[in-house]
Amino acid sequence: MTAIEKRIILENTDMLSLLGMNDNNLKLIEDRFNATVIVRGENVIIKGVPEEINSIEKIFKEMVYVLNTNGELKTSDVETILDLTVEGKEVVNEKEIDSVILYTKNDSIRAKTPGQLNYLQIANKNDICFAIGPAGTGKTYLAVALAVSSLKKGIVNKIVLARPAVEAGESLGFLPGDFREKIDPYLRPLYDALDDMMPSDKLKGYIEKRIVEIVPLAYMRGRTLNNAFVILDEAQNATDIQMKMFLTRLGANSKAIITGDITQIDLPGKSVSGLVQAKEILSSIDGVGFVYFDKSDVVRHKLVKDIIDAYEKFHNNDKP
């Protein structure tokens, strides 16, 4: 069989820990296969027959998974991965590896439902992704995880998170404090998501250096965002004019995710939701992807699905 060459990139990986002291883990792989493995930075070049190349690529993926999950990679771990791979078995399901978005200190953030996995794939494939669906489906949380992952990997230089400051039954004027204190409750869910994904001191430093910005949607006007990962949350409460303004902020090497629930629009009666309009206008544009969640994707408390179902029945004149 003719030998071929394949290059894989192990982004955001501690290569010293992965390869082991004096490249001991790499030597264990080379001892099991006839293929040649060359490591240059984060690039792994494999030369050999296709079957061995596929096996070695799988071994590296599983080694990275174990390293990121456990914080270390022991010689015994590598030997177990090698033994199982040679026997045609898996340490970690391939779909499980591909579902991981971000490794945190104590856990990993991953797609947990088929809908969320589809979201991950479409968001990675397109520069602009709309995620539409009910509360609790992970739209915002996974978007923030994708943004943090892109920042850690050096794909982007900054993250910008925005929300419309629409008064959902409350008036800003009646809230205590200055403007920042008034607007913080609207932005709090974005802070909470970031708090789960990076150490508080690091997050504070990023915010002070404006590497991470969390702002009301109105603050986006007039800006051009290059090398940025931009998220618009609660986009059902953006007007059509605001949505166009937001989407045209995108500069070179930037990505945007727009999340929202079109069943929870808090705009004044005659205002057009920019999210609803975007569904009609942008669905056929290459590079713009749409993901639709339903209650089967809810990953919050089990009662959330029942609550969503009850409201759907109520609004369909089939009261429970």
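Here's what I pulled together on the structure shown here. If you're wondering where the values come from, they're calculated on a predicted model, not measured in any experiment.

This paragraph deals with the overall build of the protein. A tally of regular secondary structure across the protein gives 12 helices and 11 strands. Within the span of the protein, comprising 320 residues, buried residues form 46% of the whole. Within the protein, contacts between residues separated by at least 24 positions form 70% of all contacts whose residues are at least 6 apart in sequence. When the accessible surface of the protein is split by element, carbon and sulfur atoms take 49% of a total near 17300 Å².

Next up on the list: the packing of helix 10 (residues 240–247) against helix 11 (residues 274–282). With their axes 8 Å apart at the nearest point, helix 10 and helix 11 run at an angle of 60 degrees to one another. Like other packed secondary-structure pairs, helix 10 and helix 11 cross with a definite hand, here right-handed. Every residue of helix 11 that contacts helix 10 at D240, M243 and L247 is listed here: G274, L275, Q277, A278 and L282. Of the residues assigned to the contact of helix 10 with helix 11, the class counts are 5 nonpolar, 2 polar and 1 charged.

Our next topic: the environment of V298. Mapped onto the secondary structure, V298 falls in the loop between strand 11 (288–292) and helix 12 (302–315). With a relative accessible area of 6%, V298 lands in the buried category. For the pair V298 and K139, spaced 159 residues apart in sequence, the C-alpha separation works out to 9.8 Å.

The subject of this paragraph is the sheet that holds strand 3 (residues 43–48). Strand order across the open sheet formed by 3 strands is 1-3-2, with antiparallel pairing between neighbours. The open sheet has two edge strands with one neighbour each: strand 1 (4–9) and strand 2 (36–40). Neighbour-to-neighbour, the strand axes of this sheet turn through a mean angle of 15 degrees, independent of strand direction. Two elements, strand 2 and strand 3, share 5 bridges in a ladder whose sense is antiparallel. If you follow R40 over to strand 3, its bridge partner there is N43. Running at roughly 15 degrees to strand 1, helix 3 (residues 50–70) makes contact with strand 1, strand 2 and strand 3 of the sheet.

Closest axis-to-axis distance for the helix 2 (residues 24–32)/helix 3 pair is 11 Å, and the angle between their directions is 150 degrees. Put simply, helix 2 runs roughly antiparallel to helix 3. Considering how the two elements wind past one another, helix 2 and helix 3 form a crossing that is right-handed. Between helix 2, through N25, L26 and I29, and helix 3, the contact on the second element is made entirely by I56, I59, F60 and M63. For the contact of helix 2 with helix 3, the per-class residue count stands at 6 nonpolar, 1 polar and no charged.

Before going further, it helps to spend a moment on the layout of surface pockets. Within this model, the largest pocket holds a volume of roughly 1100 Å³. Along its surface, the largest pocket is lined by 36 residues, and E11, V100, I101, Y103 and K153 are the ones closest to its centre. Every element with two or more residues in the lining of the largest pocket is listed here: strand 1, helix 3, helix 5 (94–99), strand 4 (100–103), helix 6 (114–125) and helix 7 (139–152). When its residues are assigned to classes, the lining of the largest pocket shows 17 nonpolar, 10 polar and 9 charged.

Pairing within the open sheet is parallel, and its 6 strands lie in the order 8-7-9-10-6-11. The open sheet terminates on both sides in strands that have one partner only, identified here as strand 8 (212–216) and strand 11. Ignoring strand direction, the axes of neighbouring strands in this sheet form an average angle of 15 degrees. Of the pairings in the sheet, the one linking strand 6 (residues 128–132) to strand 10 (residues 255–260) comprises 5 bridges and is parallel in character. Within strand 10, the position partnered with A131 by the bridge is T259. Where helix 6 meets the sheet, it contacts strand 6, strand 10 and strand 11, and its direction lies at approximately 170 degrees from that of strand 11. Along the sheet, helix 7 contacts strand 6, strand 7 (158–163), strand 8, strand 9 (228–232) and strand 10; its crossing angle with strand 9, the most-contacted strand, is approximately 170 degrees.

One pass over the structure, following the stated rule, counts 3 aromatic pairs. Here the aromatic rings of F290 and Y292 are separated by 6.3 Å at their centres, their planes lie at 10 degrees, and the arrangement is stacked. Judged by relative accessible area, F290 falls into the buried class, the value being 15%. Aromatic ring contacts, followed pair by pair, group F130, F290 and Y292 into a single cluster.

A cluster of nonpolar side chains, namely L303, I307 and Y311, defines an oily patch on the protein surface of about 330 Å² accessible area. Mapped onto the elements of the fold, Y311 is located in helix 12.

Cut-off values and rules
Residues numbered from 1 in each chain as written. Predicted model: local features only at pLDDT ≥ 70, side-chain atom pairs only at ≥ 80, totals over all residues. Heavy atoms only, no water. Helix = DSSP H or I, 4+ residues; strand = E, 2+ residues; numbered from the N terminus. Buried < 20%, exposed > 50% of the residue type's maximum accessible area, 1.4 Å probe, protein only. Contact = heavy atoms within 4.5 Å. Areas by Shrake-Rupley, 256 points an atom, 1.4 Å probe, with all protein chains shown as cover. Axes fitted to C-alpha atoms, helices over the stretch in contact; angles between N-to-C directions. Left-handed = near helix turned anticlockwise from the far one by under 90°. Nonpolar A, V, L, I, M, F, W, Y, C, P; charged D, E, K, R; others polar. Pairing = 2+ DSSP bridges. Parallel < 35°, antiparallel > 145°, perpendicular 65-115°, else oblique. 1 Å grid on protein atoms, 1.4 Å probe; cavity = no way out; pocket = protein on both sides within 12 Å on 5 of 7 lines; lining within 4 Å. Points joined across faces, edges and corners; volume = space filled by probe spheres on them. Phe/Tyr/Trp six-rings, centres within 6.5 Å; stacked < 30°, edge-to-face > 60°. Patch = residues over 30% accessible without salt bridge, like charges linked within 9 Å, V, L, I, M, F, W, Y side chains within 5 Å. Salt bridge = Lys/Arg side-chain N within 4 Å of Asp/Glu carboxyl O.

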